[in-house]
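# Results of the structural survey
So the chains spell out like this:
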Amino acid sequence: MKNDNDKVINLFKNSSNNDDTAQKRFFKGFQYVKITRDENGNYFKEEALREYAQKCFYIITVMKNNGIGVGLYKYKVPYESLLNFLNQFRNNKSYGEVIDIERYVPEDLA
């Protein structure tokens, strides 16, 4: 049986330790990789990316202590509400700990 992890590419792994052209890039302490083209080699189009993002949702798993034990709560959050939702936990307006964020793409977007 083929392992699905064979297709996963580690974007943050250097090709070699001695490669001077491979520079680690950071923004406010977070490592990042800049991607300018899609899998077909075409440059991204700003409007197409925005339209795609508006159709996506995020499944956010939050761990909360409910008195008896710990429970996991899964929230379906639309793209336009993502930052507001996360800020509820950052600003301590809601209790719980964000455990996982997964992008949910409706099937008709394939």
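Above this note sits the structure.
Residues numbered from 1 in each chain as written. Predicted model: local features only at pLDDT ≥ 70, side-chain atom pairs only at ≥ 80, totals over all residues. Heavy atoms only, no water.

### Some remarks on the pattern of salt bridges
Side-chain pairs of opposite charge can arise whenever the charged atoms involved come near each other. As enumerated under the stated definition, the model contains 1 salt bridge in all. Note that Glu 46 is salt-bridged to Arg 50, the shortest N-O span being 2.8 Å. Taken together, the positions of Glu 46 and Arg 50, both in helix 1 (residues 46-55) and 4 residues apart, correspond to about one turn of that helix. (Salt bridge = Lys/Arg side-chain N within 4 Å of Asp/Glu carboxyl O. Helix = DSSP H or I, 4+ residues; strand = E, 2+ residues; numbered from the N terminus.)

### Points about the side chain of Thr 61
Assignment of secondary structure puts Thr 61 in strand 3 (residues 57-65). With relative accessibility at 5%, the residue Thr 61 sits in the buried group. Side-chain polar atoms of Thr 61 contact the side chain of Lys 74, separated by 3.4 Å. Contact partners of Thr 61, with chain neighbours within four places excluded, come to Leu 72, Tyr 73, Lys 74, Glu 97, Val 98, Ile 99 and Asp 100. (Buried < 20%, exposed > 50% of the residue type's maximum accessible area, 1.4 Å probe, protein only. Polar contact = N/O pair within 3.5 Å; in protein donor to acceptor, adjacent residues only side chain to side chain. Contact = heavy atoms within 4.5 Å.)

### Thoughts on the sheet that holds strand 3
Reading across the sheet, the 3 strands line up as 4-3-5 and stay open at both edges, with antiparallel pairing between neighbours. At either margin of the open sheet sits one strand with a lone partner, and together these are strand 4 (70-78) and strand 5 (97-104). With strand direction ignored, the average angle separating the axes of adjacent strands in the sheet is 20°. Here 9 bridges tie strand 3 to strand 4, and the two strands are oriented antiparallel to one another. Following the sheet pairing, Tyr 58 is matched in strand 4 by Val 77. Helix-sheet contacts for helix 2 (residues 82-90) involve strand 3, strand 4 and strand 5, and the interaxial angle to strand 3 is about 10°. (Pairing = 2+ DSSP bridges. Axes fitted to C-alpha atoms, helices over the stretch in contact; angles between N-to-C directions.)

### Section: a nonpolar patch on the surface
Together, Val 33, Ile 35, Phe 44 and Leu 49 make up a nonpolar patch on the protein surface, roughly 330 Å² of accessible area in all. Mapped onto the fold, Val 33 is located in the loop between strand 2 (30-32) and helix 1. On the basis of relative accessibility, which here comes to 34%, the residue Val 33 falls in the partly exposed class. (Patch = residues over 30% accessible without salt bridge, like charges linked within 9 Å, V, L, I, M, F, W, Y side chains within 5 Å. Areas by Shrake-Rupley, 256 points an atom, 1.4 Å probe, with all protein chains shown as cover.)

Nothing here speaks to function; it is geometry throughout.
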